[in-house]
Amino acid sequence: MIGVSIITFGLSHIVPGDPAVVAMGDHATNEQIDAFREKHGLNKPVPEQYWIYITNLLRGDLGISLRTRRPVAADLRDFFPATFELSLTALLLSILIGIPAGVVSATARNRLPDHVVRILSLIGGSVPIFWLGLILIGFFYGRLGWLPGGARIDNFIPAPPTVTGLFTVDSLLAGDYRAFSSSVQHLLLPALALGYFSTAIIARMMRSSMLEVLSQQYVLAARAKGLRQGNVVWRHAARNALIPTVTTIGITFGSLLSGAVLTETIFSWPGLGRYATFSATSLDFPAVMGVTLLAALVYTLTNLIVDLGYQWLDPRIRHG
Amino acid sequence: MAETLAAPAPSYRPLWRRSPVTIAGLALIVLLALIALSAPLLAPSDPLKQVLSTRLDPPSSEHWLGTDQLGRDILSRMIYGARISLLIGIVVVGLAASVGTFVGLIAGYAGGWLDEGLMRLTDVFFAFPALILAMAISGALGPSLTNAMIAIAVVSWPVYARLVRAQVLSLREREFVEAARGLGASAERLMWQHILPNTLAPLLVQASFDMGGAILSAAGLSFIGFGTQPPTAEWGVMISEGRNYIATHPWLSLFPGLAILFTVAAFNLIGDGLRDALDPRLRGTG
């Protein structure tokens, strides 16, 4: 995390433009710009600025956003739940579709279902997310009018009272089923666009590790015992094939955050990705640093969860 | 011994019989390269020429892929866009692979604190969401094609460093390296002439996948305004410009998106084929 903070901090100091001038606008006087530099410590030597930043960071103070003029920590608290809800839905969709697709593909190797899964996986690994999002909006919103094309909830429905910040969960907690239905509908297209890449990666990984597991002798033994095909595939083979797939799931969760930048831009989704884009455009580096630090933290926590996932899936690691 | 028995029999069938999709990918990239090289000959018109009387024309015999909101011919813009996309792939992968290979060689060969320090540095880069870091770099340096390529290369080099380091760690203990060392070869000579050539195969596989990845990332950066700037004919810019017309005039974004999809898929197919060819145990499992 210290390394991440040094790199983002270093970046904020190679900016050719002056963040104080950008923040104060073209009409600000020199005195106003100097006062802004003084207030935000931008006139101090770089190592001192970093020291101030890191000591503040340890107190949970990420500085003030030059664009929104609010504490960055408060901005992140407001925008993170939207991104988390979107990424989590995308990941759940990827797991629910990718794992069975990989298993079916491996068990039907070189037959039609396998070819279909492999072609869809190839497309998923190659398609630009933002283009897919646009096509989904054009078709399901523009042409058919079946699903909304942006935002988290319909304009005419009040947002549920904030408990977790996740609209689907909060609307259920409040017993507001109209808000729940609206927020699920708004989630579908962005989650599909964002999740297609990880679905493809998970399906490929699951297929390849299933093929390896299916050729092992204990699977042959299970078959020789007379167990039914479904039982052999799902109980004996799939569970072991899941172990390498869990690593892939962990890695793809990190990539979902990158993908969220593009998806949120397309779907006007008020999350961290859109916040990061606006912040980078206006050279608001305290905000960009806040987003990257949070993303790095999520990445580290995801790795930890993946390690715990191994232990649950593989007793040899638990008891090793 | 068991390993020898388990290893699949080497295949003597030609590559086009073993992996026709890899050949299809390769053919697509060769075709794209030819199109890019002969863009001035192939493009029906100037990619920047605006003809407002023919704006938003659907695909027709006159404009095969239609025209955009400024009456520019989409086919011509896509042909010129191929030049930029291939350039991005080559420059980004060239930069990232050179830096990553250098770092990986040094880390793997030197070992100790230098190896530890360089590997922690790669950890830091892996912890970043690549696009957000690329966006921050591009934002800091100013949005342009060159800066977007630098930004993507900066987030892409660590994977090469890890790959080369792992290879070096295993290669430096091998007999042929020991023999060269015994004959008095210097550290530089061992690294550049004996170890490096043996790390190239996995690098080539990674580079094939990364060519596609770089094209995707650059198009994404252009789409949100951090990469190539309009009116340049670049596929990501074209998708972005067609954004407001997606429901009424979908061809503005549809065709450049398909071009990206096919190009990236072709590189991925080549990567799959190379990986299978270099590691026969993986054949057909990817």
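Preceding block: the structure.
Residues numbered from 1 in each chain as written. Chains lettered and ligands numbered in written order. Predicted model: local features only at pLDDT ≥ 70, side-chain atom pairs only at ≥ 80, totals over all residues. Heavy atoms only, no water.

Student: Which residues make up helix H1 (residues 2–12) of chain A, and what values go with them?
Tutor: For H1 of chain A, the full list of buried residues reads Val-4, Ser-5, Ile-7, Thr-8, Phe-9, Leu-11 and Ser-12 of chain A. Structurally, H1 of chain A contributes buried residues whose contacts are with helix H4 (46–58) and helix H13 (285–313) of chain A together with helix H6 (112–127) and helix H7 (130–141) of chain B. (Buried < 20%, exposed > 50% of the residue type's maximum accessible area, 1.4 Å probe, protein only. Helix = DSSP H or I, 4+ residues; strand = E, 2+ residues; numbered from the N terminus. Contact = heavy atoms within 4.5 Å.)

Student: Just give me the short version of the interface of chain A and chain B, but keep the residues and values in it.
Tutor: The partner chain B presents 43 residues to the 45 residues of chain A that form the contact. Counting each side, the surface lost to burial between chain A and chain B is near 3700 Å², with a carbon and sulfur contribution of 76%. Its largest share of buried area at the contact with chain B, chain A owes to Phe-130, Trp-131 and Leu-134 of chain A, together 16% of the area lost on that side. Between Arg-204 of chain A and Asp-272 of chain B there is a salt bridge, with the nearest N and O atoms lying 2.9 Å from each other. At the boundary of chain A and chain B, one finds seven residue pairs in polar contact (both at pLDDT 80 or more). Elements that contribute at least two residues to the side of chain A that touches chain B include exactly H1, helix H6 (112–126), helix H7 (129–143), helix H9 (177–214), helix H11 (229–266), helix H12 (272–281) and H13 of chain A. (Buried area = accessible area lost by both parts, 1.4 Å probe. Salt bridge = Lys/Arg side-chain N within 4 Å of Asp/Glu carboxyl O. Polar contact = N/O pair within 3.5 Å; in protein donor to acceptor, adjacent residues only side chain to side chain.)

Student: Talk me through unusual backbone geometry; I want residue IDs and the actual numbers.
Tutor: With an omega dihedral of 10°, the bond running from Pro-230 of chain B to Pro-231 of chain B counts as a cis peptide bond. The topology assignment puts Pro-231 of chain B in the loop between helix H10 (187–223) and helix H11 (235–241). We note that Ala-151 of chain A has phi near 70°; this positive angle belongs to a residue other than glycine. Tracing the backbone shows Ala-151 of chain A in the loop between H7 and helix H8 (167–173). Residue Ser-268 of chain A is not a glycine yet carries a positive backbone phi of 45°. Here Ser-268 of chain A lies in the loop between H11 and H12. Judged by relative accessible area, Ser-268 of chain A falls into the partly exposed class, the value being 36%.

Student: Can you explain the packing of H6 of chain A against helix H12 (residues 251–278) of chain B? Please cite residues and give values.
Tutor: A pair of packed helices can be characterised by two numbers: the angle between their axes and the separation between those axes. At a minimum axis separation of 8 Å, H6 of chain A and H12 of chain B run at an interaxial angle of 110°. In this view, H6 of chain A runs roughly perpendicular relative to H12 of chain B, as classed from their interaxial angle. Relative to H12 of chain B, the crossing made by H6 of chain A is right-handed. Between H6 of chain A and H12 of chain B, the residues in contact are Leu-122, Ile-123, Gly-125 and Ser-126 of chain A and Ile-260, Leu-261, Val-264, Ala-265, Asn-268 and Leu-269 of chain B, respectively. (Axes fitted to C-alpha atoms, helices over the stretch in contact; angles between N-to-C directions. Parallel < 35°, antiparallel > 145°, perpendicular 65-115°, else oblique. Left-handed = near helix turned anticlockwise from the far one by under 90°.)

Student: So, the environment of Leu-66 of chain A: which residues are in play, and what are the values?
Tutor: All names here are of chain A. Relative to the assigned elements, Leu-66 resides in the loop between H4 and helix H5 (72–107). With relative accessibility at 7%, the residue Leu-66 sits in the buried group. Along the backbone, Leu-66 and Gly-41 are 25 residues apart, and their C-alpha atoms lie at a distance of 13 Å.

Student: Help me get a handle on H7 of chain B, residues and values and all.
Tutor: Residues and elements named next belong to chain B. Its 12 residues place the ends of H7 16 Å apart at the C-alpha level, agreeing with the 16 Å of an ideal helix rising 1.5 Å per residue. Within H7, 10 of the 12 residues are buried, which leaves the element mostly enclosed by the surrounding structure. Those residues of H7 not exposed but buried are Leu-131, Ile-132, Leu-133, Ala-134, Met-135, Ala-136, Ile-137, Ser-138, Gly-139 and Ala-140. One or two steps after H7, the chain reaches Gly-142, where phi turns positive at roughly 105°. (Expected span 1.5 Å × (residues − 1).)

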